[in-house]
Structures are given as C-alpha cells and as structure tokens.
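# Residue-level structure breakdown
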Amino acid sequence: MVGSYSYWLVLLSIVVAITASYVALDLTSRVVASHGHRSESFWLVGGAAAMGSGIWSMHFIGMLSFRMPMPVVVSYDVPITACPY
C-alpha cells in the first residue's frame, strides 16, 4: 500500500508553521520589551497560544494532505476535532 501527498496542502502546512513561528517570536520580543509590566503575562499567553495553535494547525493540515488507497472512507468528526473536551 503506497500513500501519496497533496503537495498544495503540504505547502500550506509549511506556510502555517512559518507564520506561527514568526508570530510567536514577535510576541516574545514584546514580552522582553514589557518586562516588569502587567502586560508581560498577556504577551506571554498570546505567544503560547499562537505557537500551540500554529503547531496543531500545521500538523492537522499535514494529516489531511496524506492520502492512502483504502476501500474504507476515513473522515473527521468536526465537533470532536474542534473541541475534544
């Protein structure tokens, strides 16, 4: 059994990862600039959320890009995927 990739989705996954990394690094510079202020924790939480959601999105898009020739249709349950709790 040989799988294949949708190269457009792989490219999108890479772009999402690069964008999330850039946003997280930009927010990190704001954490350093606001050292000692009340807003420091808000910038830190924003950076963590940007990096976490970026990694999750990049991984999920990468999973969608891989196709295997199987007779059974595999699908994603949107409510469980969006909010597993």
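One structure accompanies this document, and this report is about it. (Residues numbered from 1 in each chain as written. Predicted model: local features only at pLDDT ≥ 70, side-chain atom pairs only at ≥ 80, totals over all residues. Heavy atoms only, no water.)

### A few points about the packing of aromatic side chains
Which entries qualify depends on this criterion: Pairing of aromatic side chains requires ring centres within 6.5 Å, counting the rings of Phe and Tyr and the six-membered ring of Trp. Pairs whose planes differ by under 30 degrees are stacked, by over 60 edge-to-face, and all others tilted. Strands here mean DSSP runs of E at least two residues long; helices mean DSSP runs of H or I at least four residues long; both are numbered from the N terminus. Three labels apply to residues, based on accessible area from a 1.4 Å probe with only protein chains included: buried if under 20% of the type maximum, exposed if over 50%, partly exposed otherwise in between.
Going through the model one piece at a time under the given rule, you end up with two aromatic pairs. For the pair Trp56 and Phe60, a centre-to-centre distance of 5.4 Å together with 5° between the ring planes defines the contact as stacked. Note that Trp56 and Phe60 are positioned in helix H2 (residues 40–65) at a spacing of four residues, about one turn of the helix. Residue Trp56 is classed as partly exposed on the basis of its relative accessible area of 47%. Note on Phe60: relative accessible area 19%, which makes it buried.

### Considering a nonpolar patch on the surface
Our working definition: The patch calculation keeps residues exceeding 30% relative accessible area without a salt bridge and links them within 9 Å when they carry like charges or within 5 Å when they are nonpolar (Val, Leu, Ile, Met, Phe, Trp, Tyr). In short, Shrake-Rupley with a 1.4 Å probe defines the accessible areas, and a residue's cover is counted only from the protein chains shown. For this document, the term salt bridge refers to a Lys or Arg side-chain nitrogen within 4 Å of an Asp or Glu carboxyl oxygen.
Where nonpolar side chains cluster on the molecular surface, the patch consists of Tyr5, Tyr7, Phe66, Met68, Met70 and Val74 and spans about 660 Å² of accessible area. Within the fold, Phe66 resides in strand E2 (residues 66–67).

### Digging into H2
Stated formally: In this scheme, a helix's expected span is set at 1.5 Å multiplied by one less than its residue total. We call two residues in contact whenever any of their non-hydrogen atoms come within 4.5 Å of each other.
Between its first and last C-alpha atoms H2 spans 37 Å; for 26 residues at 1.5 Å apiece the expected length is 38 Å, and the two agree. Every buried residue belonging to H2 is among Gly47, Ala50, Gly54, Phe60, Ile61 and Ser65, and all of these are buried. Where the residues of H2 are buried, they touch strand E1 (4–5), helix H1 (7–33), E2 and helix H3 (78–82).

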